[in-house]
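# An overview of the molecular structure
Here are the chains, one letter per residue:
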Amino acid sequence: MPLSEHEQRMLEQMERALYAEDPKFASALEGNGLRTYTRRRVYQAVVGFLVGIALLMAGMVAQQIWVSVVGFLVMLGCAVLAVTSWRKAPKPGEQIIGGPNARQARPKRSMMDRIEQRWQRRRDEQGGH
């Protein structure tokens, strides 16, 4: 459920107050921490992928099929982890919603969301709950 205009204004006021009170803490909550986390996760996935290749090769050399299968599964899991982490990572210069100059992307709303919003607006205009 999207935030109402009043709730969005209140959230923006709280954000400005947080930046005014403790800018160091507020900047730590921005996208830089998330970007570092996702970058670290991608690196871990790449290392895991290399371990999977090593297991695959070791299983082939030792003629142990199960070791090769485990290596392949590790490679597959790490590849999926790396790709999903890479896609979720914020781009350089992009701010996460919630920063002081956050670019608020307008979410695509479904038809039901629009109808519900209109219904709520009518109820509010009529003074009903």
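As recorded by an unreviewed UniProt entry, the protein carries the name Spore wall synthesis complex protein and is attributed to Streptomyces thermoalcalitolerans.

## Some thoughts on the overall build of the protein
When its secondary structure is counted, the protein shows five helices and zero strands. Its helices and strands in sequence order give the protein the pattern α-α-α-α-α, from N to C terminus. By the burial criterion, 16% of the 129 residues in the protein qualify as buried. Across the protein, contacts joining residues at least 24 apart in sequence account for 52% of those joining residues at least 6 apart. A total accessible area of about 10800 Å² is found for the protein, and carbon and sulfur atoms account for 62% of it.

## Some words on a nonpolar patch on the surface
A cluster of nonpolar side chains, namely Val-46, Phe-49, Leu-50, Ile-53, Met-57 and Met-60, defines an oily patch on the protein surface of about 540 Å² accessible area. Of note, Met-57 is situated in helix H3 (residues 31-61).

## Observations regarding the UniProt feature "transmembrane region" (unreviewed entry) in the protein
As annotated in UniProt, the feature "transmembrane region" (unreviewed entry) corresponds to residues 42-59 and 65-86 in the numbering used here. Along residues 42-59, the helical share is 100% and the strand share 0%, with 25 Å between the first and last C-alpha atoms.

## Focus: the environment of Gly-71
Along the polypeptide, Gly-71 turns up in helix H4 (residues 65-88). Spatially, the C-alpha atoms of Gly-71 and Ala-54 are 7.2 Å apart, while their sequence positions differ by 17 residues. The residues touching Gly-71, leaving out its near neighbours within four places in the chain, are Gly-52, Leu-55 and Leu-56.

## Digging into a positive patch on the surface
A cluster of like positive charges, contributed by Arg-114, Arg-118, Arg-121 and Arg-122, occupies part of the molecular surface. With respect to the helices and strands, Arg-118 occurs in helix H5 (residues 111-126).

## What to know about unusual backbone geometry
Its identity is not glycine, yet Gln-63 carries a phi of approximately 55°, on the positive side. On the secondary structure map, Gln-63 appears in the loop between H3 and H4. Residue class for Gln-63 comes out exposed when judged on its relative accessible area of 70%.

## Notes on the side chain of Ser-68
Tracing the backbone through its elements, the reader meets Ser-68 in helix H4. Within the structure, the side chain of Ser-68 is placed 3.2 Å from the backbone oxygen of Leu-56, a separation counted as a polar contact. Not counting residues within four places of it along the chain, the set of residues in contact with Ser-68 comprises Leu-55, Leu-56, Gly-59 and Met-60.

## Focus: the confidence of the model for the protein
Within the protein, residue pLDDT values average 77, and 72% of them lie at 70 or more. Within the protein, the lowest mean pLDDT, 68, falls on helix H2 (residues 23-28), and the highest, 88, falls on H4.

## Digging into H5
Under the 1.5 Å per step criterion, the end-to-end length of H5 is 23 Å for 16 residues, consistent within 8% with the ideal 22 Å. In the segment just after H5, Gly-127 is the residue with positive phi, at about 80°.

What counts as what
Residues numbered from 1 in each chain as written. Predicted model: local features only at pLDDT ≥ 70, side-chain atom pairs only at ≥ 80, totals over all residues. Heavy atoms only, no water. Helix = DSSP H or I, 4+ residues; strand = E, 2+ residues; numbered from the N terminus. Buried < 20%, exposed > 50% of the residue type's maximum accessible area, 1.4 Å probe, protein only. Contact = heavy atoms within 4.5 Å. Areas by Shrake-Rupley, 256 points an atom, 1.4 Å probe, with all protein chains shown as cover. Patch = residues over 30% accessible without salt bridge, like charges linked within 9 Å, V, L, I, M, F, W, Y side chains within 5 Å. Salt bridge = Lys/Arg side-chain N within 4 Å of Asp/Glu carboxyl O. UniProt positions renumbered as here; feature names shortened; annotations may be inferred. Lys, Arg positive; Asp, Glu negative; His and termini not counted. Charge placed at Lys NZ, Arg CZ, Asp CG, Glu CD. Polar contact = N/O pair within 3.5 Å; in protein donor to acceptor, adjacent residues only side chain to side chain. pLDDT = per-residue confidence, 0-100. Expected span 1.5 Å × (residues − 1).

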